[in-house]
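A structural walkthrough
As a plain string of letters, each chain reads:
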Amino acid sequence: MEPDFLTIIALIVSLLVIRVTYVLYWTGRPFKRAPKTSLRTMIVLGSGGHTAEMLSIVNVLQKDKYAPRSYVAALTDNMSLQKAQVYEESLQNHENNVDKKRGAQFMQIYRSREVGQSYITSIGTTIVAIIHAMWIVLKLRPQVILCNGPGTCIPLCACAYLLKLIGWRWCTTIYIESIARVKKLSLSGFLLYKLPLADQFFVQWPLLQQKFPRSQYAGRVM
């Protein structure tokens, strides 16, 4: 006898529930053991002080562990990727960094909404941004995403989380709230905290950690 249609649907739903429960349980938990190989790392940059903060964070990373690195910035952000390229070139010129096979990649992403854009027209641009974000995540296949507040990180983190839910690829998202946020989270930080899409969520002020107990106080990272 062929299986009943409702039975198949119930089985699929059950598997999805088990998978979602598994992902929710392990999201935010540290690895059981340190990875022995390097981790493909996506670094999301943003205009203003976001890029300066992020490059300060990248500067203290174990370069051989978080490699190869890919930098992503908004299509309208002309300065962030240039700064990242200068930084990576300085690493390549260093006498201890001779692994050319792990050269960094630099990509731009469509923004969901530009400053001053109406909410009605932003519906279409948001859809385009999500599709583009999914293409970038599938292309780069990051194992770690580092971000600190620019709005461009939301579709990237959401797409990575979706792929994690369906079992395509596990990606750890690490969010570091900007030091400029003293009393409340940025919109990006609030969304990543509440949904929750971030595995590790760091703040740089004790007051924020008290307001958002699932976050971790990291002190000043700059």
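Residues numbered from 1 in each chain as written. Predicted model: local features only at pLDDT ≥ 70, side-chain atom pairs only at ≥ 80, totals over all residues. Heavy atoms only, no water.

**Description of the overall build of the chain**
What counts, and what does not: Helix and strand labels come from DSSP, where a helix needs a run of H or I of at least four residues and a strand needs a run of E of at least two; each type is numbered from the N terminus. Any residue under 20% of the maximum accessible area for its type is buried, any over 50% is exposed, and the rest in between are partly exposed; the area is computed with a 1.4 Å probe on protein chains only. Any two residues whose heavy atoms approach within 4.5 Å at even a single point are treated as in contact. Note on areas: Shrake-Rupley, 1.4 Å probe, and residue coverage restricted to the protein chains presented here.
Each helix and strand counted, the chain has 7 helices and 7 strands in total. Order of helices (α) and strands (β) in the chain, N terminus to C terminus: α-β-α-β-α-β-α-β-α-β-α-β-α-β. Burial statistics for the chain: of 222 residues in total, 41% are counted as buried. Within the chain, residue pairs in contact and separated by at least 24 positions form 70% of the contacts whose partners lie at least 6 positions apart. Here the chain has roughly 13100 Å² of accessible surface; of this, 62% comes from carbon and sulfur atoms.

**What about unusual backbone geometry?**
The residue after Ala-67, namely Pro-68, is reached through a cis peptide bond having omega -5°. Position of Pro-68 relative to the elements: it lies in the loop between α2 (50-59) and β2 (69-74). Residue Leu-195 is joined to Pro-196 through a cis peptide bond whose omega torsion reads -20°. By secondary structure assignment, the location of Pro-196 is in the loop between α6 (187-194) and β6 (200-203).

**Quick notes on the sheet that holds β2**
Our working rule: Paired strands are those between which DSSP finds at least two bridges.
Strand order across the open sheet formed by 7 strands is β3-β2-β1-β4-β5-β6-β7, with parallel pairing between neighbours. The open sheet terminates on both sides in strands that have one partner only, identified here as β3 (105-109) and β7 (216-217). With 3 bridges connecting them, strand β5 (residues 172-176) and β6 associate as parallel partners. For Ile-176, the partnering residue across the bridge sits in β6 and is Phe-202.

**Let's talk about the nonpolar core**
What counts, and what does not: By convention a nonpolar core is built from buried Ala, Val, Leu, Ile, Met, Phe, Trp, Tyr and Cys residues, the set being connected through side-chain atoms within 4.5 Å.
Formed by 31 residues in total, the largest nonpolar core has its most connected members in Met-42, Ile-136, Leu-156, Leu-192 and Phe-201. Those elements giving two or more residues to this core turn out to be β1 (41-44), β3, α4 (119-140), β4 (144-147), α5 (153-165), α6 and β6. Considering every element that reaches this core, the biggest residue donor is α5, with 8 residues. For Phe-201, the residues in contact, after removing those within four places along its chain, are Tyr-175, Leu-185, Gly-189, Leu-192, Tyr-193, Ser-215 and Gln-216. Among the nonpolar cores identified, the runner-up in size contains 19 residues, and Leu-55, Leu-81, Leu-91 and Ile-174 belong to it.

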